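Topology and contacts: notes
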Amino acid sequence: MTAHRKTNGDTAASFVRRHIGPSARDVTAMLEAVSAKSVDALIADTLPASIRQAAPLDLGKPLSETEAIAHMAELARQNQVFTSLIGQGYSGTILPAVIQRNILENPAWYTAYTPYQPEISQGRLEALLNFQTMICDLTGLDVANASLLDEATAAAEAMALAERHSQVKAQAFFVDKDVHPQTLAVMRTRAEPLGWELIVGDPLTDLDKADVLGALLQYPGSSGALRDLRPAISALKAKGALAILAADLLALTLIASPGELGADIAIGSAQRFGVPMGYGGPHAAYMAVRDALKRSLPGRIVGVSVDSRGAPAYRLALQTREQHIRREKATSNICTAQVLLAVIASMYAVYHGPEGLSQIARNVHRRAAVLASGLRKLGFAPQSEAFFDTLSVDAGAKRAEIVARATAEKINLGIGDTSLRIALDETTTPATVEAVWRAFGGTLSYAEIDATTREALLPEALKRTTPFLTHPVFHAHRSETEMLRYMRKLSDRDLALDRAMIPLGSCTMKLNATTEMMPLTWPEFATLHPFVPREQASGYHALFARLEKWLCDITGYDAISLQPNSGAQGEYAGLLAIRGYHASRGESHRKICLIPSSAHGTNPASAAMVGMDVVVVACEKNGDVDVNDLRAKAEKHSNDLAAVMITYPSTHGVFEEHIREICDIVHGHGGQVYLDGANLNAQVGLSRPGDYGADVSHLNLHKTFCIPHGGGGPGMGPIGVRAHLAPFLPSHPENRHPATQADAPVGPVSAAPFGSASILTISYIYILMMGGEGLKRATEIAILNANYIAARLDPHFPVLYKNAKGRVAHECIVDPRPLKVTSGVTVDDIAKRLIDYGFHAPTMSFPVPGTLMIEPTESESKAELDRFCDAMIAIRKEIAEVEAGRFKIEASPLRHAPHTVHDIADDDWKRAYTRSEGCFPAGTSRTDKYWSPVGRVDNVYGDRNLVCSCPPVSDYAQAAE
Ligand SMILES: *Cc1c(COP(=O)(O)O)cnc(C)c1O
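These numbers come from a predicted model, not from an experiment. (Residues numbered from 1 in each chain as written. Predicted model: local features only at pLDDT ≥ 70, side-chain atom pairs only at ≥ 80, totals over all residues. Heavy atoms only, no water.)

1. Digging into the UniProt feature "domain: Glycine dehydrogenase C-terminal" (unreviewed entry) in the protein
As annotated in UniProt, the feature "domain: Glycine dehydrogenase C-terminal" (unreviewed entry) corresponds to residues 778–899 in the numbering used here. As annotated, residues 778–899 comprises 48% helix and 7% strand, and the C-alpha atoms at either end are separated by 36 Å. (UniProt positions renumbered as here; feature names shortened; annotations may be inferred. Helix = DSSP H or I, 4+ residues; strand = E, 2+ residues; numbered from the N terminus.)

Dropping the structure here:
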């Protein structure tokens, strides 16, 4: 570090000060408010001494923001940017700059949370509805969800859906041999614990004989072959089996849709709609189904309902059938998805419109046709006559030579068992095509070959004849000015972290620092295909190795897998590791998974996915796990005990004293301890799960380690394990993790070996700039902030759970249920009234129905905490007015919340309170008012009248009447 930078105040210490909200003076005042002598004294009251980590966290010397960017540039230089024509589900694409800057690089979009509060999420809900409409149109199916984690997990989810709906009772499923290899591998991982057999073959010849419940067919195939799959689909239908097509969205602009071909389900990736490959992700996967299957569709679905004035309003549909309610009966554990990437893909379609997309597809197809002519001339006829953008050729003995020449041209080809694959994309130029010809041994001119290549190579029977993207939204934003304003209009409707604190318990909505966000869009990180030769990704691998080491130091575990793309996917991977471990010891019968009743819904859902049987453990009145019940159940199931899944600090926001004892009990009966690490923000630098008895955890990098929530994804859920579980971490058929073998016992859980690799840069830079001391300080202040809120709110809304010393961990639950008796106020009323005060509601009804769970994180300043507490206290006063009989709850501003411009402009105002009481409650600014664009959204209406794609514009007019 130069002296010059130091004098500019850009030091590592200054980043820690910027990441952490409260100043030194604030900390003093807050300690006083919580009656603690010092931060150390507060922590001593909060964490049991028995689990405190002995040695301070030493992660090396932290860097300043300037130094961190220089360091990242150094890593970036170690990645080599080749032109990747590997295909296999990943394509080069051009992200329009206006979308990159105004969505991907815009905190108004990337810092938003999952749209559980629809009134403050209308902008991103509209963008997601556009995504669903685009998917429905292109696939020709009726209902689409708002994204899954990647194409391979979408295929596994579709197989599970087919298993539930098939009329065939067989436990076998057919997979096209021309499917992407990573898709097949992830499906094998999913099928094996559930006892489903996978039959791999040629759908046009092998399907008739197969007794299968359904089939996954790739369209066009991974090799590039474009086959008419109608006979295969008819054969499946004749049996009563389900047909799933994994379809390429760009190809679908030119070829017949899965729906037209008769498919029941379509899945795939939306990556090539403007989302950089990022060495594996993040990207949005899609799933669309026939109407009859819509209520089983996994993941989140955006629907249209009406608000309190009968105007149309967007919301998440069918929320009650989500995994949080179904728990161990759940069929999918999907929680965090890929919202930001789905938004980008939808905007790519809004930007280009149907004509633009078709033109891109025609260009890519034309280049591929010219490439094919040239290759034929050189003696390498493509293996399939019909193709869209990808060719496979048998290179025979010349294979190695061709690959070497391509490498010299800085081109990566797809390398199959016997063939070479060349996948073109939007970025392919005539120069690229000529370079490929040179690699195949000939010097040809693109212009000349182009002139002699005939038009119209797509088979007549497979041409698309149906229109798509007919909705006006895909036509009205062709100029950049219109596009810019459309994105701005939508983001203005939403409340994200760039406007106000989002106090969602269990979600850890902390600062996503700008410096952390910058490198991921640099070409050296953004444009790498996940299956490039490892030496082209040396910068990435250096980053992975260091990040894994740091995460081991932080958690006390011995090994990390960076593969899982969400917390829930990490749970699934961790339970697979436990399962693999038991099996390796001849104890495959261990299938019982103990889960406390307070657990997050993804826990039992993940256990069900790996074929475990969930036994629920009771909780005590104070929220702690009932250790006696746990002991009794562990004893009862001693022979078959696989694991316990426990969250620490508890979902109730308290460090339970019994955690070591719980681990010992489970180990004593031969079980493993899965510790849900979603709440690691309360532990970093203070205690380590690997030290106090846990065997495996997932770490939500999108909570504790600063990856922004993106409005509901992306995320990353790496898992840490103790050494005995390391051999059972997820493997991958492509880049192999050094910790795993080629014949690894556990297959992949994600399409890419390192999950959404590009966003690992965010967590890496965060740790790099905080250092061990800074991270510990962040944890301490997160705990102080939570205790400060608890102390301020307790007199008004009692804090439900505290430890014996009266402390909470990094979050607290406040309990308004008694007020329902005295005033009729509901937790919903409080949540919606907070919108009028300019806040996002805390977590509602988890883990305790009817309560609010508040997590401030270390990043919120005392001023913002006070603003929030003042709003809550003012709301309590409004409730007191109802209690005192000023008006009934139905007539109160609480029930009418949130208030909108329609209220303030109401010529016929007949409410029992004034318009300004409704719209500008105590302490809110008239200048900086956040206006909810819609009134309270009617959930029941929306589920009864399920509309999940853009309705015709006339419907809007009707509903508004
Ligand atoms: C957030 C969370 C999860 C799930 O994480 P996702 O990334 O959304 O899948 C699991 N457990 C707990 C306690 C959580 O808070």
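2. A few points about the packing of aromatic side chains
Inspection of the entire model under this criterion finds 21 aromatic pairs. A ring pair is formed by Tyr648 and Tyr692, whose centres lie 5.5 Å apart and whose planes are at 65°; its orientation type is edge-to-face. Remark: Tyr692 occurs in the loop between strand 18 (672–676) and strand 19 (696–698) and Tyr648 occurs in the loop between strand 17 (641–647) and helix 25 (659–668); sequence separation between them is 44 residues. Centre to centre, the rings of Phe705 and Tyr766 are 6.3 Å apart; their planes meet at 70°, and the pair counts as edge-to-face. Here Phe705, found in the loop between strand 19 and strand 20 (719–721), pairs with Tyr766, found in helix 26 (residues 760–793); they are 61 residues apart in sequence, far enough to count as distant. The residues Phe705 and Tyr766 share a single accessibility class, namely buried. One Lys or Arg, Lys929, reaches over the ring of Trp931 and ends 4.9 Å from the middle of that ring. (Phe/Tyr/Trp six-rings, centres within 6.5 Å; stacked < 30°, edge-to-face > 60°. Buried < 20%, exposed > 50% of the residue type's maximum accessible area, 1.4 Å probe, protein only. Lys NZ or Arg CZ within 6 Å of the ring centre and 35° of its normal.)

3. Description of the packing of helix 2 (residues 12–19) against helix 26
Taken N-terminus to C-terminus, the directions of helix 2 and helix 26 make an angle of 65°; their axes are 9 Å apart at the nearest point. Crossing hand, helix 2 versus helix 26: right-handed. Between helix 2 and helix 26, the contacting residues are Ala12, Phe15, Val16 and His19 on the first element and Tyr766, Met769, Met770, Gly774 and Ala778 on the second. Grouping the constituent residues of the contact of helix 2 with helix 26 by class yields seven nonpolar, two polar and no charged. (Axes fitted to C-alpha atoms, helices over the stretch in contact; angles between N-to-C directions. Left-handed = near helix turned anticlockwise from the far one by under 90°. Contact = heavy atoms within 4.5 Å. Nonpolar A, V, L, I, M, F, W, Y, C, P; charged D, E, K, R; others polar.)

4. Some points on the site of the ligand
Taken together, 14 residues lie near the ligand, and Thr336, Ser506, Asp676, His702 and Lys703 sit nearest. A distance of 2.6 Å is found between an oxygen atom of the ligand and a side-chain nitrogen or oxygen belonging to Thr336. Within the side chain of His702, one N or O atom sits 2.7 Å away from an oxygen atom of the ligand. When the ligand is considered free in solution it has 380 Å² of accessible area, and contact with the protein chains removes 97% of it. (Near = heavy atom within 4 Å. Polar contact = N/O pair within 3.5 Å; in protein donor to acceptor, adjacent residues only side chain to side chain. Areas by Shrake-Rupley, 256 points an atom, 1.4 Å probe, with all protein chains shown as cover.)

5. Quick word on the state of the cysteines
Disulfides are covalent bonds that connect the sulfur atoms of two cysteines. Scanning the model with the defined rule gives zero disulfides in all. Lacking any disulfide linkage, Cys663 is separated from the closest cysteine sulfur, that of Cys593, by 14 Å. Residue classification places Cys663 among the buried positions, given a relative accessible area of 0%. (Disulfide = S-S within 2.5 Å.)

6. Quick notes on the environment of Ala172
Along the polypeptide, Ala172 turns up in strand 3 (residues 172–176). Residue classification places Ala172 among the buried positions, given a relative accessible area of 6%. Taking the C-alpha atoms as reference points, Ala172 and Leu213, 41 residues apart in sequence, are found 6.1 Å from one another. When neighbours within four sequence positions are excluded, Ala172 is seen to be in contact with Glu197, Ile199, Asp211, Val212, Leu213 and Gly214.

7. Concerning the nonpolar core
Residues Met134, Tyr219 and Met347 are the most contacted members of the largest nonpolar core, which totals 275 residues. Considering every element that reaches this core, the biggest residue donor is helix 14 (residues 339–377), with 20 residues. Those residues in contact with Met134, other than ones at most four positions away along the chain, are Leu249, Phe273, Ala345, Ser346, Ala349, Leu469 and Phe474. In terms of nonpolar packing, the next biggest core, distinct from the first, is built from 29 residues, Ala573, Leu576, Val610 and Leu729 among them. (Core = buried A, V, L, I, M, F, W, Y, C linked by side-chain atoms within 4.5 Å.)

8. Quick word on the sheet that holds strand 23 (residues 852–854)
The strand order 21-23-22 describes an open sheet built from three strands, whose pairing is antiparallel. This sheet does not close on itself; its edge strands, each paired only once, are strand 21 (812–814) and strand 22 (843–844). Strand direction decides the pairing type here: strand 22 and strand 23, joined by two bridges, are antiparallel. Paired with Met844 across the bridge in strand 23 is Leu852. Each of strand 21 and strand 23 touches helix 26; the most contacted strand, strand 21, lies at about 20° to it. (Pairing = 2+ DSSP bridges.)

9. A short note on helix 26
Three- or four-residue spacings in an α-helix give side chains the same orientation, since the helix completes a turn every 3.6 residues. Its 34 residues place the ends of helix 26 only 37 Å apart at the C-alpha level, less than the 50 Å of an ideal helix rising 1.5 Å per residue. Gly771 marks the point of greatest bend in helix 26, at about 100°. Within helix 26, 29 of the 34 residues are buried, which leaves it mostly tucked inside the rest of the structure. (Expected span 1.5 Å × (residues − 1). Bend = angle between axes of the 7 residues up to and from the residue.)

10. Regarding the pattern of salt bridges
If charged atoms from side chains of opposite charge come close, those side chains can pair. Under the definition given, this model contains 47 salt bridges. Here Arg438 makes a salt bridge to Glu409, at a shortest N to O gap of 2.8 Å. Taken together, the residues span a long stretch of sequence, with Arg438 in helix 16 (residues 430–439) and Glu409 in the loop between helix 15 (399–408) and strand 12 (411–415) at a distance of 29 residues. We classify Glu409 as partly exposed; its relative accessible area is 29%. A salt bridge links Arg792 to Asp866; its shortest N-O distance comes to 2.9 Å. Of this pair, Arg792 sits in helix 26 while Asp866 sits in helix 29 (residues 862–883), and the two are 74 residues apart along the sequence. Classification of Arg792 by relative accessible area gives partly exposed; the value is 23%. For Asp866, a relative accessible area of 15% gives the class buried. (Salt bridge = Lys/Arg side-chain N within 4 Å of Asp/Glu carboxyl O.)

11. Here's the deal with the sheet that holds strand 13 (residues 419–423)
Read across the open sheet, the four strands follow the order 1-12-13-11; overall the sheet is mixed. Where the open sheet ends on each side, the last strands, each with one partner, are strand 1 (83–85) and strand 11 (390–394). Neighbour-to-neighbour, the strand axes of the sheet open up by a mean angle of 30°, direction not taken into account. On the sheet, helix 15 packs against strand 12 and strand 13 and is oriented at approximately 150° with respect to strand 12.

12. Structural notes on the environment of His352
Tracing the backbone through its elements, the reader meets His352 in helix 14. The buried category is assigned to His352, whose relative accessible area is 17%. Between the C-alpha atom of His352 and that of His637, which follows or precedes it by 285 residues, the distance is 59 Å. Dropping the residues within four chain positions of it, His352 is found in contact with Pro96, Leu357, Ile360, Glu426 and Arg478.

13. Here's the deal with unusual backbone geometry
In this structure, the amide linkage connecting Tyr648 to the following residue, Pro649, adopts the cis form with an omega of -10°. Put simply, Gly713 and Pro714 share a cis peptide bond, and its omega is 20°. With respect to the helices, strands and loops of the structure, Pro714 is situated in the loop between strand 19 and strand 20. Positive phi is not limited to glycine here, since Ser35 has a value of about 55°. In this fold, Ser35 is placed in the loop between helix 3 (24–33) and helix 4 (39–46). Residue class for Ser35 comes out exposed when judged on its relative accessible area of 61%. Phi angles above zero are rare outside glycine, and Ser845 is one such case at about 65°.

14. Section: the side chain of Ser598
Mapped onto the secondary structure, Ser598 falls in the loop between strand 15 (592–596) and helix 23 (602–609). You can call Ser598 buried: its relative accessible area is 11%. Once you skip the residues sitting within four places of it in the chain, Ser598 turns out to touch Cys619, Thr651, His652, Phe846 and Pro847.

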